[in-house]
Amino acid sequence: MSSIIQLLPDHVANQIAAGEVVQRPASVVKELLENAVDAGATDIKLIIKDAGKSLVQVIDNGKGMSVTDARLCFERHATSKIRQAEDLFSLCTKGFRGEALASIAAIAHMEMKTRQDQEELGTHIIIEGSKFISQEVAVLPKGTSFAVKNLFFNIPARRNFLKSDTVEFRHVMDEFQRVALAHPNIHFVFYHNGSEMYNLPAAGYRQRIVGIMSGKTNEKLVPVNEDTEIINVQGFVCKPEFAKKSRGEQFFFVNDRFIKSGYLHHAVMAAYEGLLKEGAQPSYFLYLQVPPNTIDINIHPTKTEIKFDDEQALYAILRAAIKHSLGQFNVAPVLDFDRDANLDTPYHYKDLAAETPTIQVDGTFNPFTDDKTNQHYSKVTSGSGSGSGFSSGSNSYSGYSKRVEPSASWESLYVGLETESIESSPFSFENEEVTSSLFNDDEVEQVSQKTYQIHKKYIVSPIKSGMVIVDQQRAHQRILYEQFLLNMTVNQAASQQLLFPLNLFYSSDEMTLIEELKASLETTGFVFEDAQTDHIVISGIPVNITESEVSIVIEQLLSDLQDGIPASSYSQNDTIAKSMAKSLAVKTGSYLTEKEQDNLVNGLFACKDPNISPFQKPTFITMRVEDIDKKFAL
Ligand code: ADP
Ligand code: MG
């Protein structure tokens, strides 16, 4: 019987290996940048087009390659970085597997130019899908340039699998930032589609972090320094009050390599214990140096996870070092009245119960007679500082109270509860017939109008068949969600002009996202001035939010869009409306006046879809008298 096992041809083996190493343009960026760092470059230029789908080019001024090496580097397991297995335990380079170039060359069009300092001429090689197309001697600058074009040109399935340019670009950005943060002593320049994203001169850690994140980062950072026998920790953590909702800015570098470690993250969070609001995420940039023989980097092909010999000791040291820094720089939470209210998050609402929100509703106001009268419904005068968060809840209220037909008493709405669902939508309230038919229903008994708030969480109200229990937060989310969606899709939302435009600072990643969302945000009532590189300028905001809520809304939005912006404008609007409803809805734990309770209940049942929150959770339940009877019969 004939034998059937064969060795795979090299190009097939390389393509298979590429599956592990190269998932997307960002993987190419990572590998090429790391090679340039390993080559001792002091100047590295990254140029990409179409989020790296058409071109990824890295140009360095490193040591270059000889003619032989230039040819050999595309072979699998060809590396200059280790010679024997033992070398794995004394690694100080990024690469060592010798797989990257072979893998990339197998699935793209690649051009390499390289010259060593001592040579007069360099080598120019073109290779496509593992096939050498040409090799020439050429006059070249010192260093190496790799250009990778048409990634996955020979694997359409993989190419089609790539995400939108926005998403792919964010991945590239992540990789670039990781390498640039790890090597502040190298000058990096980054171009995308011809525009300069970054130009980062050689600097120290702090300056590099600020250069990458944004101008305002500097004041948020607290230095961390700890030198022990088994580890040296340097870097920065952010002051607790600047913690964000998203986990975007959290970086560990071990021996100058970006790594992910849930365990070490936990150590950092433990150091912040008691200093953070629930769910808040501190930014951190921590540089750990450990002896190379105490870690194993070889456990993951992209080398972002590593294993430490003595994890527990590292945990303890890291936690103590950060705790010490946070204490030393006196950043334990203090009542800071001068603090910029824009940076406040809504978490503290529940602690402010003493300040009862007040609301004045203009009962005679009819929004449908004049669409320019949005200022008509009264706003609670909001104080500045931390108190302002509260009034915002009420403002949102006034926002929706205008939608509710003033004469529509709440009990009439409940009639619908006894049948199926309510036919009327909030947007058909102008239709007298709908409301009056609800009113004139002979079967409606007069029931008490009273609503009760229990545990600052639920609104309970008797209805004909028993009682209804409304979840205040979810109900308000539903109301706001429908309102925003309507504004975005049907109406041109009204906007309130700000006396002083708001400047909000964001990282370049976040700026890209905001840029993409601008058009949709404008339909909600935001007015943007020309964007700057690291901040946005807002001169108008939707009528139903306050100035102090703007940063909260945008922050929430950015965190909700971590995985990319939906492609269709419909789902974009939907996401924005949901996110804004989430940030602006009155929270569990907020005390509501009777009037507000009423408005909430009325507003909910005036919604198109009152039964569920925008996040598919029930907004209310009903309990029939018979159900209650049954409980007593026991
Ligand atoms: P690894 O980095 O794991 O060694 P690669 O496939 O990434 O494997 O690279 C193969 C070899 O090519 C490297 O070991 C190095 O000798 C050489 N090389 C790659 N990029 C460069 C560069 N930019 N400058 C000089 N040499 C390079
Ligand atoms: Mg490499």
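Everything discussed here concerns the structure shown above.
The rules behind the values
- Residues numbered from 1 in each chain as written.
- Chains lettered and ligands numbered in written order.
- Predicted model: local features only at pLDDT ≥ 70, side-chain atom pairs only at ≥ 80, totals over all residues.
- Heavy atoms only, no water.
- Phe/Tyr/Trp six-rings, centres within 6.5 Å; stacked < 30°, edge-to-face > 60°.
- Helix = DSSP H or I, 4+ residues; strand = E, 2+ residues; numbered from the N terminus.
- Buried < 20%, exposed > 50% of the residue type's maximum accessible area, 1.4 Å probe, protein only.
- Lys NZ or Arg CZ within 6 Å of the ring centre and 35° of its normal.
- Pairing = 2+ DSSP bridges.
- Near = heavy atom within 4 Å.
- Polar contact = N/O pair within 3.5 Å; in protein donor to acceptor, adjacent residues only side chain to side chain.
- Nonpolar A, V, L, I, M, F, W, Y, C, P; charged D, E, K, R; others polar.
- Axes fitted to C-alpha atoms, helices over the stretch in contact; angles between N-to-C directions.
- 1 Å grid on protein atoms, 1.4 Å probe; cavity = no way out; pocket = protein on both sides within 12 Å on 5 of 7 lines; lining within 4 Å.
- Points joined across faces, edges and corners; volume = space filled by probe spheres on them.
- Contact = heavy atoms within 4.5 Å.
- Patch = residues over 30% accessible without salt bridge, like charges linked within 9 Å, V, L, I, M, F, W, Y side chains within 5 Å.
- Areas by Shrake-Rupley, 256 points an atom, 1.4 Å probe, with all protein chains shown as cover.
- Salt bridge = Lys/Arg side-chain N within 4 Å of Asp/Glu carboxyl O.
- Parallel < 35°, antiparallel > 145°, perpendicular 65-115°, else oblique.
- Left-handed = near helix turned anticlockwise from the far one by under 90°.

Caption draft 1: Representation of the packing of aromatic side chains within the structure. Applying the stated criterion across every chain, the model contains 16 aromatic pairs. Judged by centre distance (4.8 Å) and plane angle (10 degrees), the ring pair of Phe-253 and Tyr-287 falls under stacked. Taken as a pair, Phe-253 in strand β11 (residues 250-254) and Tyr-287 in strand β13 (residues 284-289) lie far apart in primary sequence, 34 residues in all. Ring centres 5.0 Å apart and planes at 45 degrees place the aromatic pair Tyr-263 and Tyr-315 in the tilted group. Of this pair, Tyr-263 sits in helix α8 (residues 262-271) while Tyr-315 sits in helix α9 (residues 311-328); the two residues are 52 residues apart in sequence, bridging distant segments of the chain. Residue classification places Tyr-315 among the buried positions, given a relative accessible area of 17%. Among the aromatic side chains, those forming a connected cluster through ring pairs are Tyr-205, Phe-251, Phe-253, Phe-258, Phe-285 and Tyr-287. Between Lys-163 and the ring centre of Phe-161, over which it is positioned, the NZ or CZ distance is 6.0 Å.

Caption draft 2: Examining the pairing of strand β3 (residues 109-115) more closely. The element β3 is extensively covered by neighbouring structure, given that five of its seven residues are classed as buried. In the sheet, β3 pairs with strand β4 (residues 122-128) via six bridges, with the strands oriented antiparallel. Bridging across to β4, Thr-114 finds its partner in Thr-123. Hairpin remark: β3 followed by β4, antiparallel, with six residues in the connecting loop. In the sheet, β3 pairs with strand β6 (residues 143-149) via seven bridges, with the strands oriented antiparallel. Note on β6: the bridge partner recorded for Lys-113 is Ser-145.

Caption draft 3: Highlighting the pairing of strand β2 (residues 55-60). Within β2, five of the six residues are buried, which leaves the element mostly enclosed by the surrounding structure. Relative to β6, β2 is paired through six bridges, and the arrangement is antiparallel. What sits directly across from Gln-57, in β6, is Ala-147.

Caption draft 4: The site of ligand 1, seen in detail. In the vicinity of ligand 1 there are 19 residues, among which Asn-35, Thr-79, Ser-80, Lys-81 and Gly-98 approach most closely. Separating an oxygen atom of ligand 1 from a backbone N or O atom of Ala-100 is a distance of 3.3 Å. The separation between a nitrogen atom of ligand 1 and a polar side-chain atom of Thr-144 is 3.3 Å. The set of elements that each furnish at least two residues to the shell around ligand 1 consists of α4 (100-106) and β6. Tallied by class, residues from the shell around ligand 1 come to eight nonpolar, seven polar and four charged.

Caption draft 5: Broad picture of the sheet that holds β13. Strand order in the open sheet formed by five strands is β9-β10-β13-β11-β12, with mixed pairing between adjacent strands. Whereas interior strands pair on both sides, the edge strands pair on one side only; in this sheet they are β9 (221-227) and β12 (257-259). Strand-to-strand twist in this sheet, taken as the mean axis angle between neighbours without regard to direction, amounts to 20 degrees. Two elements, strand β10 (residues 232-238) and β13, share six bridges in a ladder whose sense is antiparallel. Looking at the pairing, Val-237 lines up with Tyr-284 of β13.

Caption draft 6: Molecular detail of the layout of surface pockets. By volume, the second largest pocket is sized at about 1,100 Å³. Forming the boundary of the second largest pocket are 41 residues, of which His-171, Asp-174, Arg-178, Gly-248 and Lys-260 lie nearest the centre. Elements that contribute at least two residues to the lining of the second largest pocket include exactly α2 (25-38), α6 (165-182), β11, β12, α8, α14 (508-524) and α15 (547-560). Broken down by element, the lining of the second largest pocket gets its largest block of residues, seven residues, from α6. For the lining of the second largest pocket, the per-class residue count stands at 11 nonpolar, 16 polar and 14 charged.

Caption draft 7: Inspection of the environment of Phe-251 at higher detail. Residue position: Phe-251 is located in strand β11. You can call Phe-251 buried: its relative accessible area is 5%. In this structure the C-alpha to C-alpha distance between Phe-251 and His-265, which are 14 residues apart in sequence, comes to 9.2 Å. When near neighbours in sequence (up to four residues on either side) are disregarded, Phe-251 contacts Gln-177, Arg-178, Leu-181, Met-213, Phe-258, Tyr-284, Phe-285 and Leu-286.

Caption draft 8: Representation of the sheet that holds strand β16 (residues 452-454) in the model. Sheet architecture is open: four strands sit in the order β16-β17-β18-β22, paired in antiparallel fashion. At either end of the open sheet lies a strand with only one pairing partner, and these are β16 and β22 (620-624). Across this sheet, the average inter-strand angle for adjacent strands is 25 degrees, counted without regard to direction. The pairing of β16 with strand β17 (residues 458-463) spans three bridges and is antiparallel. Counted as the bridge partner of Tyr-452 is Val-460 from β17.

Caption draft 9: Geometry of a nonpolar patch on the surface. A cluster of nonpolar side chains, contributed by Leu-121, Val-137 and Val-139, occupies part of the molecular surface with about 330 Å² of accessible area. Here Val-137 lies in strand β5 (residues 131-138).

Caption draft 10: Fine view of the pattern of salt bridges. Tallied over the full model, the rule gives 15 salt bridges. Across the pair Lys-53 and Asp-165 runs a salt bridge, and its minimum N-O distance is 2.7 Å. Taken as a pair, Lys-53 in the loop between β1 (43-49) and β2 and Asp-165 in helix α6 lie far apart in primary sequence, 112 residues in all. The exposure class of Asp-165 is partly exposed, given its relative accessible area of 35%.

Caption draft 11: Representation of the packing of helix α13 (residues 472-489) against helix α17 (residues 594-605) within the structure. Interaxial distance between α13 and α17 falls to 9 Å at its minimum, and their mutual angle equals 50 degrees. Classified by the angle between their axes, α13 and α17 sit oblique to one another. You can see that α13 and α17 cross each other, and the crossing is left-handed. Residue-level contacts link Gln-472, Ala-475, His-476, Arg-478 and Ile-479 of α13 to Leu-600, Gly-603 and Leu-604 of α17.

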